Amino acid sequence: MAKVVPTRSEVLFLFRSLLRTARQFSDYNIREYSKRRTIDGFRQNRTLSDPDSIASAFSHGKAQLEIAKRQAVVYSLYAPKVKSIMDLKPCNTV
């Protein structure tokens, strides 16, 4: 059964959507993990040439996007009251 191979613009849209969703996490560690996992996953699948494996990786990415969107909503409902030290802006006291 041949799957439909996504176009370059569809793949780039998925990549940008995953990165946009990663920015919605309030926790620094989760935000950075999500961003790093997205970049690493796309780098790993860059060399795929078989149309079935490309379509499979794309559908897996879309499923991961839906999971990330749901998790971002859940994390926003239960966000910590105190910001992480990584989120604080540095003071320029000289």
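The present account deals with the structure reproduced in this document. Predicted model only: the values in this text are computed from it and were never measured. (Residues numbered from 1 in each chain as written. Predicted model: local features only at pLDDT ≥ 70, side-chain atom pairs only at ≥ 80, totals over all residues. Heavy atoms only, no water.)

## Quick notes on the overall build of the protein
Filter applied, for reference: Comment: elements are numbered from the N terminus, with helices defined as DSSP H or I runs of at least four residues and strands as E runs of at least two. A 1.4 Å probe rolled over the protein chains alone gives each residue an accessible area, and that area as a share of the maximum for its type sets the label: buried under 20%, exposed over 50%, partly exposed in between. Whether two residues touch is decided by their heavy atoms; if any such pair falls within 4.5 Å, the residues are in contact. Here the open area of atoms and residues is found with the Shrake-Rupley method and a 1.4 Å probe, where only the protein chains shown may cover a residue.
In terms of helices and strands, the protein carries three helices and zero strands. With 94 residues in all, the protein has 18% of them scored as buried. Partitioning the intrachain contacts of the protein with sequence separation of at least 6 by distance along the chain shows that 76% fall at a separation of at least 24. For the protein, the exposed surface amounts to about 7,600 Å²; the carbon and sulfur share of it is 58%.

## Quick look at the side chain of S34
In this structure, S34 sits in helix α2 (residues 28–44). The buried category is assigned to S34, whose relative accessible area is 14%. Beyond its immediate chain neighbours, meaning those up to four positions away, S34 contacts A22 and F25.

## A few points about the packing of aromatic side chains
Aromatic rings in a pair are described by how distant their centres are and how their planes are angled relative to each other. The condition is simple: Any two rings among Phe, Tyr and Trp, with Trp reduced to its six-membered ring, count as a pair given centres within 6.5 Å; such a pair is stacked if its planes are under 30 degrees apart, edge-to-face if over 60, and tilted if neither.
Evaluation of the coordinates by the stated rule reveals two aromatic pairs. Each ring, one from F15 and one from F42, has its centre 4.9 Å from the other, and the planes form 70°; the classification is edge-to-face. Remark: F42 occurs in helix α2 and F15 occurs in helix α1 (residues 8–23); sequence separation between them is 27 residues. You can call F15 partly exposed: its relative accessible area is 23%. Since its relative accessible area comes to 25%, F42 is described here as partly exposed. Between F25 and Y75, the aromatic rings sit 5.7 Å apart at their centres with planes inclined by 80°, giving edge-to-face as the arrangement. You can see F25 sitting in the loop between α1 and α2 and its partner Y75 sitting in helix α3 (residues 51–77), a full 50 residues away along the chain. In this structure Y75 comes out as partly exposed when scored by relative accessible area, which is 33%.

## Considering the side chain of T38
Along the chain, T38 turns up in helix α2. With residues near it in sequence (within four places) discarded, T38 still touches F15, L18 and L19.

## Side note on the packing of α1 against α2
Short version of the rule: The angle between two axes is taken between their N-to-C directions and runs from 0 to 180 degrees, where each axis is a line fitted to C-alpha atoms and a helix contributes only its stretch in contact. Throughout, the term roughly parallel applies to angles under 35 degrees, roughly antiparallel to angles over 145, roughly perpendicular to angles from 65 to 115, and oblique to all others. Crossings are sorted by hand: turned counterclockwise from the far helix by less than a right angle, the near helix makes the crossing left-handed, and turned clockwise it makes it right-handed. Each residue is assigned to one class: nonpolar for Ala, Val, Leu, Ile, Met, Phe, Trp, Tyr, Cys and Pro, charged for Asp, Glu, Lys and Arg, and polar for all the others, Gly among them.
Between α1 and α2, the least distance of the axes is 8 Å, while the angle of their chain directions is 165°. With respect to their mutual orientation, α1 and α2 come out roughly antiparallel. The interaxial crossing formed by α1 with α2 has left-handed handedness. Here α1 contributes V11, L14, F15, L18, L19, A22 and R23 to the contact with α2, which in turn contributes R31, S34, K35, T38, I39 and F42. Residue composition of the contact of α1 with α2, grouped by class: eight nonpolar, two polar and three charged.

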